[in-house]
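An overview of the molecular structure
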Amino acid sequence: MTDANQSDLKTFMEGVRKRNPHQDEFVQAVEEVAENVFDFVADKPEYQEAEILRRIAEPDRIVSFRVCWQDDDGNVRVERGWRVQNNNAIGPYKGGLRFHESVNESVLKFLAFEQTFKNALTGLPLGGGKGGSNFNPKGKSDREIMRFCQSFMTELYRHIGPDVDVPAGDIGVGPREIGFLFGQYKRIRNEWHGVLTGKGLEYGGSPVRTESTGYGVVYFLREMLRESDQDIEGMTAVISGAGNVATHAAEKFAELGGKVLTLSDSKGFIHDPDGIDTEKVAWVREQKSSGGSLADYADEFSGSEWHEGDKPWSVDCDIALPCATQNELDEDAAKSLIDNDVIAVCEGANMPSTADASHALRSNGVLFGPGKAANAGGVAVSGLEMSQNAGRRTWSEDRLQEELCDIMKGIHETCAEHGEGSGPACEDGDCKVDYVKGANVGGFKKVADAMLAFGVV
Ligand SMILES: NC(=O)C1=CN([C@@H]2O[C@H](COP(=O)(O)OP(=O)(O)OC[C@H]3O[C@@H](n4cnc5c(N)ncnc54)[C@H](O)[C@@H]3O)[C@@H](O)[C@H]2O)C=CC1
Ligand SMILES: O=C(O)CCC(=O)C(=O)O
């Protein structure tokens, strides 16, 4: 990047920081994209003059609302709900809902911003959005969750629609919550619309949506490894998280002949040197969905250990798949992985690596698949769920598995095209595809070209 570009980038980021005070996650996500985009548009005045990135980094709108509900003891509870509609240049806003106590506007803005690029990379006509609440379903009864979801949808329904904005699940929002939300939307509107994805198969859901994010991560990893004639078979992986993405990534990694050494939650991690095979993954899924503790794994499977309060990144491995939450892998964790000669890090979660960690890994020649590319399989199959609903059809599982595989290959190709022969390691003569740059530029170009066509709106 030239000095002039560097100075423009600095001014741009100062503006972003000033307009979004105390929104660290959002600023982090914008900065990661801006570094690559400023370089890309340096000789393209049409994008510069139209201020495309400045416009994408300002959400189209943010709806914030009060959500009142009653707990089982009759107490009135008050939470906050949001929907961030970031950009709909190439299709209706699309992205999940997160219910977790850590949810705030900064987190949802970063997720909606990332989603805009991710959805563009899928090649499907999907804009970017995200929403959620600081409500935490953990420890709540089914009735309490139902009442909360009904109250949340009683406000949200005004802002969504099959051609407007189509939410789905994310942390804390699984099939149970989607059922309650969809039931309330249908009751209020008296219309059956494919207005949410991740629905149950009995009422318009798509085969393979449940597995698609985790499986997609492993398909993307497989493509990255292929570039250097390597294969998952015989490799070891450290995986964080124990939810939808983590367990399906673990299942597919094991199915393809790899050995999964760890899974984790916010309380600690399990290390099983014998490997967490598909049967053990099924046990973890059942244990977590019934509200049980991951720590019990060590009693259930001999030879394994529970590490209270720790993260799994110091365990020796070939591959790391962070699949829990943002900024869970910091620079120290990256150094441990580098010291253990990790080959690849592929992000199942959204922005799980800090900026310093991402830079350290890439500078040291580690293949690095950013979340907006690697975890796009979930929203891609959501896009296919929308197509099925619109056509009043359900496609076969085989067809959807094949489409998912093809879409992940396509995303890999886009990243390779725009990230070829660059990246921090090039300075040391160890040139690999820079998937971060490839994903940022590939996603940006698709959205930017549509925005150019619309003029200044
Ligand atoms: N579900 C989906 O289709 C997609 C999810 N993602 C991302 O994947 C990540 C995981 O989402 P899901 O598996 O769907 O959620 P989930 O609710 O099924 O599981 C989340 C997992 O992360 C763990 N976790 C949450 N906060 C944590 C913390 N502070 N420290 C350590 N562990 C923590 C939980 O214990 C749980 O095991 C999130 O970043 C989400 O945005 C990305 C693309 C699609
Ligand atoms: O399927 C969807 O629309 C949501 C997926 C999502 O939230 C994500 O990709 O982070």
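All values reported here derive from a predicted model rather than from experimental measurement. (Residues numbered from 1 in each chain as written. Chains lettered and ligands numbered in written order. Predicted model: local features only at pLDDT ≥ 70, side-chain atom pairs only at ≥ 80, totals over all residues. Heavy atoms only, no water.)

Turning our attention to the overall build of the chain. Summing up its helical and strand segments, the chain has 17 helices and 12 strands in all. With respect to the principal axes defined by its C-alpha atoms, the chain has extents near 65 × 60 × 45 Å. Per-residue burial over the chain gives 56% buried out of 457 residues. Once local pairs closer than 6 in sequence are excluded, the contacts in the chain between residues at least 24 apart make up 71%. (Helix = DSSP H or I, 4+ residues; strand = E, 2+ residues; numbered from the N terminus. Buried < 20%, exposed > 50% of the residue type's maximum accessible area, 1.4 Å probe, protein only. Contact = heavy atoms within 4.5 Å.)

Before going further, it helps to examine unusual backbone geometry. For D229, which is not glycine, the phi torsion reads 55° and is therefore positive. As for its position among the elements, D229 is in the loop between α8 (209–226) and β6 (236–240). D229 sits in the exposed class, given a relative accessible area of 74%. Positive phi values are uncommon outside glycine, yet R392 reaches one of about 50°. Relative to the helices and strands, R392 is located in the loop between α15 (377–390) and α16 (397–419). Residue R392 is classed as exposed on the basis of its relative accessible area of 64%.

When the UniProt feature table is mapped to this numbering, "site: Important for catalysis" (unreviewed entry) covers D170. Take D170: it is sitting in the loop between β5 (165–168) and α7 (175–189). In this view, D170 contacts G96, L97, R98, K130 and N350; residues no more than four positions away in its chain are not counted. (UniProt positions renumbered as here; feature names shortened; annotations may be inferred.)

Here we take up the packing of aromatic side chains. Counted under the stated rule, the structure contains 20 aromatic pairs. Taking the centre distance of 6.0 Å and the plane angle of 85° together, the rings of F26 and F113 count as edge-to-face. Taken together, the residues span a long stretch of sequence, with F26 in helix α2 (residues 24–40) and F113 in helix α5 (residues 105–121) at a distance of 87 residues. Of the two residues, F26 and F113, both sit in the buried class. Taken together, the ring pairs in this structure connect F65, W69, F99, F135, F148 and F152 into an aromatic cluster. Positioned over the ring face of Y215 is K252, at 4.4 Å from the centre of the ring. Taking NZ or CZ as reference, R399 lies 3.7 Å from the ring centre of W395, over its face. (Phe/Tyr/Trp six-rings, centres within 6.5 Å; stacked < 30°, edge-to-face > 60°. Lys NZ or Arg CZ within 6 Å of the ring centre and 35° of its normal.)

Our next topic: the pairing of β6. By the criterion of burial, β6 is predominantly enclosed, with 5 of the 5 residues buried. Of the two faces of β6, the one lined by T236, V238 and S240 and the one lined by A237 and I239 are each fully buried. As defined by bridge partners, β6 adjoins strand β7 (residues 259–265) across 3 bridges and the pair is classed as parallel. Residue pairing for β7: V238 is matched across the bridge by T262. As for the winding sense of the linkage, the β-α-β connection from β6 through helix α9 (residues 244–255) to β7 is right-handed. As paired elements, β6 and strand β10 (residues 319–322) share 4 bridges and run parallel to each other. Paired with V238 across the bridge in β10 is A320. (Pairing = 2+ DSSP bridges. Right-handed = clockwise from strand over helix to strand, strands pointing away.)

This part covers the UniProt feature "active site" (unreviewed entry) in the chain. Here the UniProt-annotated "active site" (unreviewed entry) positions come out as K130. In this structure, K130 sits in strand β4 (residues 128–133). A relative accessible area of 2% means that K130 is categorised as buried. Not counting chain neighbours up to four residues away, the residues in contact with K130 comprise R83, V84, G95, G96, L108, L111, A112, Q115, D170 and N350.

Let's shift gears to the site of ligand 1. Taken together, 21 residues are adjacent to ligand 1, and D170, R209, T213, A242 and N350 come closest. With respect to ligand 1, the side chain of D170 contributes an N or O atom lying 2.6 Å from an oxygen atom. A324 has a polar backbone atom sitting 3.4 Å from an oxygen atom of ligand 1. Computed on the free molecule, ligand 1 has an accessible area of 830 Å², of which 83% lies beneath the protein chains in the complex. Counting residues per element, the ones that place at least two in the shell around ligand 1 are α8 and α9. (Near = heavy atom within 4 Å. Polar contact = N/O pair within 3.5 Å; in protein donor to acceptor, adjacent residues only side chain to side chain. Areas by Shrake-Rupley, 256 points an atom, 1.4 Å probe, with all protein chains shown as cover.)

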